[in-house]
Amino acid sequence: MREEKWDDIHQLLKLFTSSISVLSSFGMALDGIRMPDGCYADGTWELKMHVTDLHRDVSLRVTGEIHIGGVMLKLVEKLDVKKDWSDHALWWEKKKTWLLKTHWTLDKYGIQADARLLFTPQHKLLRLQLPNMKHMKVKVNFSDRVFKAVSDICKTFNIRHPEELSLLRKPRDPKKKKKKLEEAEEDDLELEGPLLTPGSGSIYSSPGLYSKTMTPTYDSRDGSPLSPTSAWFGDSPLSEGNPGILAVSQPIASPDILVKLYKPQSLLDKAKINQGWLDSSRSLMEQDVKENEVLLLRFKYHSFFDLNPKYDAIRVNQLYEQSKWAILLEEIECTEEEMMMFAALQYHINKLSIMSSDNHMNNSEKEVDEVDAALSDLEITLEGGKTSNALGDITSIPELADYVKVFKPKKLTLKGYKQYWCTFKDITISCYKSKEEAHGTPAHQMNLRGCEVTPDVNISGQKFNIKLLIPVADGMNEIWLRCDTEKQYAHWMAACRLASKGKTMADSSYNLEVQNILSFLKMQHMNPDPQFIEPITTDINPECLVSPRYLKKYKNKQQGLIRDLISARILEAHQNVAQMSLIEAKMRFIQAWQSLPEFGITHFLAKFQGGKRDELIGITYNRLIRMDAGTGDAIKTWRFSNMKQWNVNWEIKMVTVEFADEPSLSFICAEVDCKVVHEFIGGYIFLSTRAKDQNETLDDDMFYKLTSGQTLAIITQSVWPLESHIKTKVACFHGKRLNMTPDAKKLMVRSSVVCHNVLILCLLGQRQAFGLVQQFVLPDVIRKQHHDKWSHSDDNVPVRSSTWSTSE
């Protein structure tokens, strides 16, 4: 019997070896049997990869236990191509994820046999349109977060405070056909500059580039580079060309350029442009940005910190260019007098820009000793300029008292102002029928904290009005103030602006605000002494200095007459700015831009809770504004200073903001990802924490905590109806649905219906959590929790409890 069994086993072995030989004859692997699911009997499987540089597909036999670094090593060995592969990494197309953690295994990433990976360089070519509308080819790290990529780009361009900038997709003009639009882009790209790689050259590693103690790198009058500037750029491509290409403004060559560029026709068009902002917490590849794609580098946040011409000539010029194009393309509204003032400043800047380089090279004046210059700057900084302030300015709060015309619009009433004796104390305006009654009870009293202040000025008509929208429980009360003179207007306007922020006239910025308003009005004055007006020349080119809207006012006149009329008005306005230096003119242009009523408002289409139609939500550096989508009128304003926290419901795109002493604000984002709106709110909160006594290094973690929607250490506290006080500690949000217990499902449904400010958790003993709503608190709270035991970590995500608890 035993011999028969051995004979059977022997026959089976023969059959098995013969089958193996048959399989090998068909090219099958000898080291394993392939299973129906694509894996082999020995546990290995084929991983398909595409090498983009070689346009070649490669397959590797791997197991789930091999780490990413080992996969890349095996791939390079199999390619057998002598090449520097150090910049290459693996990209998972299906999941849109960079596999950058080389110590992670394939199993940990969840990669199986059906995955297809790309082996591609991390640094790729990007066509970057700067604020001055010039294009430059830049190599950018497509695996870095956009916030980090923009920081590297700004270091290459020597632009300080990169947190104010970001990347924007190019808006599409719906009126133009796609073919014509592509042709226009190809023509525009002929203006490209040199190829730049962030991180190359000594500019990236210069120790004093962001130091407050560094020596000035630009002339404080014309913004031209000083002699040691080449040391800052080193062997960067910027120094091989012209280091001043980014610091010098170039005139618009032809009016046809204005015609070709997209101009938003309404507030809804402006809101659509803002849909194109990239997510700062994700990489370029994750947002489907392709190699050689055109992206716009723009100042995203209109909060410009520590703008110093001695170090920021490039930053000042790019800010000037962005403001110039915003006015010419009618992205921001301005009056005709303001337009002529902007045109005169442009004309002056264009003239000085042409002469600045030659004058600077031929300048033989004695150089000022660097130590003396530094001591002089220190003296001005410490003393704050003039030292004529009286002691009374410190011990008492200034007040205003004068006759002012006041008007409160009502329905079905004609507009008529009534004169009152008005006193402005602290942040309150009190109106009396006469000066003699000032010690009695006021007829009207207005607290301006959190109000909207809008100028309504016409210099030629001697109209100096101030529009106030004062927040009340059911909306905003509209009040108009009319001043008689420029001086009176400047003082009251400055006081109103400070009061809206909760500041009094004792604030150090009050006198500066008054002077800025007076200077802004002075620049709009027309009809000076005719003997000082320049003769009209052909180099003015008024079609390139004013927006098309003001050219249409003269459509019934001959073309040559139009040029002469506008040129004459520009030359009249130019007399008010003719004595300014180049950098001063740019700074005045930026300040005038900041003085416009619509400055810094980023519009988004939204539907407010309880509203029946789409409206606009406007976000500025210090407030949120509910606006009418048709007229742009402010309906209600909420200040960031009064905000407690904001919550984001990612499922229904709802943002809820809670305030200290006001009802909460809830709105759903329409036609835009709520992540964009959330990032604007968090970004402005982040910028408000900057201070001159801090070092220049960016707190990236704080920025991501306030703006990112995926990796946040959050602590929330909520009170649910008929439930006890719940305190939940959130470790991380990975966006994966987990199996929920019935109790967890009940809590989730109930909380999502009853209360929008609750962060829903599913913590079932696993290291991942799914949240419908995330809560974001202000920096003073986050700072205390920044390094506690609940802070986020990539590889070790702490979870407090595996089950729901209502008794904690």
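Residues numbered from 1 in each chain as written. Predicted model: local features only at pLDDT ≥ 70, side-chain atom pairs only at ≥ 80, totals over all residues. Heavy atoms only, no water.

A. Up close: the overall build of the protein. Check the secondary structure of the protein and you find 22 helices and 26 strands. Expressed as a percentage of its 808 residues, the buried residues of the protein come to 47%. As presented, the protein carries roughly 41,300 Å² of accessible surface, and 52% of it is formed by carbon and sulfur atoms. (Helix = DSSP H or I, 4+ residues; strand = E, 2+ residues; numbered from the N terminus. Buried < 20%, exposed > 50% of the residue type's maximum accessible area, 1.4 Å probe, protein only. Areas by Shrake-Rupley, 256 points an atom, 1.4 Å probe, with all protein chains shown as cover.)

B. Highlighting the side chain of Gln524. Residue position: Gln524 is located in the loop between α15 (509–523) and α16 (548–551). Gln524 gets classed as buried once you look at its relative accessible area, which sits at 2%. Among the polar contacts listed, one links the side chain of Gln524 to the backbone oxygen of Phe520, at a separation of 3.4 Å. Residues within four places of Gln524 in sequence aside, it is in contact with Glu337, Glu338, Met341, Ile459 and Asn576. (Polar contact = N/O pair within 3.5 Å; in protein donor to acceptor, adjacent residues only side chain to side chain. Contact = heavy atoms within 4.5 Å.)

C. Broad picture of the nonpolar core. In terms of nonpolar packing, the biggest core is built from 72 residues, with Leu128, Phe157, Leu167, Leu284, Leu297, Ile570 and Trp593 touching the most fellow members. The leading source of residues in this core is helix α11 (residues 336–361), at ten residues. (Core = buried A, V, L, I, M, F, W, Y, C linked by side-chain atoms within 4.5 Å.)

D. Representation of the sheet that holds strand β2 (residues 56–62). Ordered by their spatial adjacency, five strands build an open sheet running β2-β1-β5-β3-β4, and the pairing between neighbours is mixed. Each edge of the sheet is formed by a strand with only one pairing partner; in this case those strands are β2 and β4 (97–99). Strand-to-strand twist in this sheet, taken as the mean axis angle between neighbours without regard to direction, amounts to 35°. As paired elements, strand β1 (residues 45–51) and β2 share seven bridges and run antiparallel to each other. Paired with Leu47 across the bridge in β2 is Leu60. Where helix α2 (residues 68–79) meets the sheet, its contacts fall on β1, β2, β3 (88–92), β4 and β5 (116–121), and the angle it forms with β2 comes to roughly 125°. (Pairing = 2+ DSSP bridges. Axes fitted to C-alpha atoms, helices over the stretch in contact; angles between N-to-C directions.)

E. Summary view of the packing of aromatic side chains. Using the criterion set out here, one finds 24 aromatic pairs in the structure. Plain terms: the ring middles of Trp593 and Phe599 are 4.9 Å apart, the flat faces sit at 80° to each other, and that makes the pair edge-to-face. Pair check on accessibility: Trp593 and Phe599 agree, each one buried. The structure contains a cluster of three or more aromatic residues connected by ring pairs, namely Trp277, Tyr301, Phe604, Phe680 and Tyr684. Directly above the ring of Trp92 sits Lys95, whose terminal nitrogen or CZ lies 6.0 Å from the centroid. Positioned above the aromatic ring of Phe680, the side-chain terminus of Lys300 is 4.9 Å from the ring centre. (Phe/Tyr/Trp six-rings, centres within 6.5 Å; stacked < 30°, edge-to-face > 60°. Lys NZ or Arg CZ within 6 Å of the ring centre and 35° of its normal.)

F. Local environment of the sheet that holds strand β9 (residues 294–299). If you trace the four strands from one edge of the open sheet to the other, you get β7-β6-β9-β8, paired in mixed fashion. Two strands close off the open sheet at either side, each with one partner strand: β7 (135–141) and β8 (165–169). Across the sheet, the axes of successive neighbouring strands diverge by a mean angle of 45°, strand direction being ignored. Strand direction decides the pairing type here: strand β6 (residues 123–129) and β9, joined by three bridges, are parallel. Its bridge partner being in β9, Arg127 is matched across the sheet by Val294.

G. Looking closely at the environment of His678. Within the element layout of this structure, His678 appears in helix α19 (residues 674–687). When the C-alpha atoms of His678 and Thr707 are compared, they prove to be 6.5 Å apart, with 29 residues separating the residues in sequence.

H. Quick look at the environment of Pro162. By the secondary structure assignment, Pro162 is in the loop between α4 (146–157) and β8. Given the relative accessible area of 9%, Pro162 is considered buried. Spatially, the C-alpha atoms of Pro162 and Arg315 are 9.8 Å apart, while their sequence positions differ by 153 residues. If sequence neighbours within four positions are ignored, Pro162 has contacts with Val150, Ser151, Cys154 and Leu698.

I. The pattern of salt bridges, seen in detail. Enumeration over the complete set of coordinates arrives at 29 salt bridges. With its nearest N and O atoms 2.9 Å apart, the salt bridge here joins Lys96 to Asp288. Within this pair, whereas Lys96 is found in the loop between β3 and β4, its partner Asp288 is found in the loop between α9 (267–273) and β9, the two being separated by 192 residues in sequence. You can call Lys96 partly exposed: its relative accessible area is 35%. A salt bridge links Glu598 to Lys270; its shortest N-O distance comes to 3.6 Å. One end of the pair, Glu598, is in the loop between α18 (582–595) and β17 (602–608); the other, Lys270, is in helix α9, with 328 residues separating them in the sequence. The class of Glu598 is partly exposed, set by a relative accessible area of 27%. On the accessibility criterion, Lys270 (11% relative accessible area) is buried. (Salt bridge = Lys/Arg side-chain N within 4 Å of Asp/Glu carboxyl O.)

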